[in-house]
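# Structural features, examined
So you can see what is in the structure, the chains are spelled out below.
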Amino acid sequence: SREKLDEALELQEERGDRIGEILLSMKAVTEQQILEALAEQMEIPYVEKLDPKQVDGELAGKIPISFAKNALVLPIVHRGPSFVDVACCDPLDVE
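The residue numbering used here restarts from 1 in each chain and proceeds along that chain's sequence as written. Reporting of local features is limited, given that this is a predicted model, to residues whose pLDDT is at least 70; pairs of side-chain atoms are given and counted only at 80 or more, and all residues count toward the totals for whole chains, interfaces and linings. Side-chain measures were taken over the full set of non-hydrogen atoms in the model, leaving aside hydrogen atoms and water.

Next up on the list: the environment of A8. Relative to the assigned elements, A8 resides in helix α1 (residues 2-15). The spatial distance from the C-alpha of A8 to the C-alpha of A39 is 20 Å, given a sequence separation of 31 residues. When residues no more than four places from it in sequence are discounted, the contact partners of A8 are I19, I22, L23 and M26. Each helix is a run of DSSP H or I of at least 4 residues and each strand a run of E of at least 2, with the numbering of both proceeding from the N terminus. By definition in these notes, contact holds between two residues if any of their heavy atoms fall within 4.5 Å.

In this model, the largest pocket occupies a volume close to 1,000 Å³. We place a 1 Å grid over just the protein atoms. Points where a 1.4 Å probe fits but has no way out form a cavity, open points with protein on both sides within 12 Å along at least 5 of 7 lines form a pocket, and any residue with an atom within 4 Å of a point lines it. Residue lining of the largest pocket: 32 residues in total, with P45, Y46, C88, C89 and P91 positioned closest to the centre. A per-element tally of the lining of the largest pocket places helix α3 (residues 31-42) first, with seven residues. The biggest single contributor to the lining of the second largest pocket is helix α5 (residues 65-71), with three residues. Grid points are joined across faces, edges and corners, and a volume is the space filled by probe spheres set on the points.

Both strand β1 (residues 73-78) and strand β2 (residues 84-88) contribute to a ladder of five bridges, which runs antiparallel. Bridge pairing in β2 places P75 opposite V86. In short, DSSP must find at least two bridges between two strands for them to pair. Turn length for the β1-β2 hairpin, with the two strands adjacent in sequence and antiparallel, is five residues, and the turn residue G80 shows positive phi of about 105 degrees.

Our next topic: α1. Because each turn of an α-helix spans 3.6 residues, side chains separated by three or four positions in sequence point in the same direction. Expected helix span is computed as 1.5 Å times (number of residues minus one). Here α1 contains 14 residues, and its C-alpha end-to-end distance of 20 Å stays within 8% of the 20 Å for a straight helix at 1.5 Å per residue. Phi turns positive, to about 85 degrees, at G16, one or two residues after α1.

So, about the nonpolar core. Soluble globular proteins tend to bury their nonpolar side chains together. One finds A8, L11, I22, L23 and M26 forming the largest nonpolar core, which totals five residues. Of all elements in the fold, only α1 and α2 (19-25) reach the threshold of two or more residues within this core. Side-chain atoms within 4.5 Å are what join buried Ala, Val, Leu, Ile, Met, Phe, Trp, Tyr and Cys residues into a set we call a nonpolar core. The cut-offs for exposure are 20% and 50% of the maximum accessible area for each residue type, with area from a 1.4 Å probe on protein chains only; residues under the lower value are buried, those over the upper are exposed, and the others partly exposed.

By the secondary structure assignment, F67 is in helix α5. As for F67 and S1, which are separated by 66 residues in sequence, their C-alpha atoms are 41 Å apart.

On the surface, E7, E10, E13 and E14 cluster together into a patch of negative charge. Checked against the element boundaries, E7 lands in helix α1. Only residues whose relative accessible area exceeds 30% and that form no salt bridge enter a patch; like-charged residues are grouped when within 9 Å of one another, and nonpolar side chains (Val, Leu, Ile, Met, Phe, Trp, Tyr) when within 5 Å. All accessible areas in this document rest on Shrake-Rupley with a 1.4 Å probe, and a residue is counted as covered only by the protein chains that are shown. Basic side-chain nitrogens of Lys or Arg form a salt bridge, by our definition, when they fall within 4 Å of a carboxyl oxygen of Asp or Glu. The charged-residue count follows a simple rule in which Lys and Arg add positive charge and Asp and Glu add negative charge, with His and chain termini not counted at all. Charge positions are represented by NZ for Lys, CZ for Arg, CG for Asp and CD for Glu.

Over its 12 residues, α3 extends 16 Å from the first C-alpha to the last, a length consistent with the 16 Å expected when each residue adds 1.5 Å. One or two residues past the end of α3 sits E43, with phi positive at roughly 60 degrees.

Spelled out as structure tokens, the structure:
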């Protein structure tokens, strides 16, 4: 509702938290709704559950496992000389 959104925006201004996290804590939306909205906003595909058959094992093997675990990323498919599709838990986490 508009009231919940206004309340969430006020809390965001006070706390500095992400609006999605606030809306989740208020139970105004589900996590899946947030993830789908972020994917749409960022113009990236949203995949709820990755099918292991979609993963190029040879490509995945080229990434050090410690890096993949730490960054929570998984290369999926090689799309030409300079492009790789990558699955990640949080596309906003760029550190």
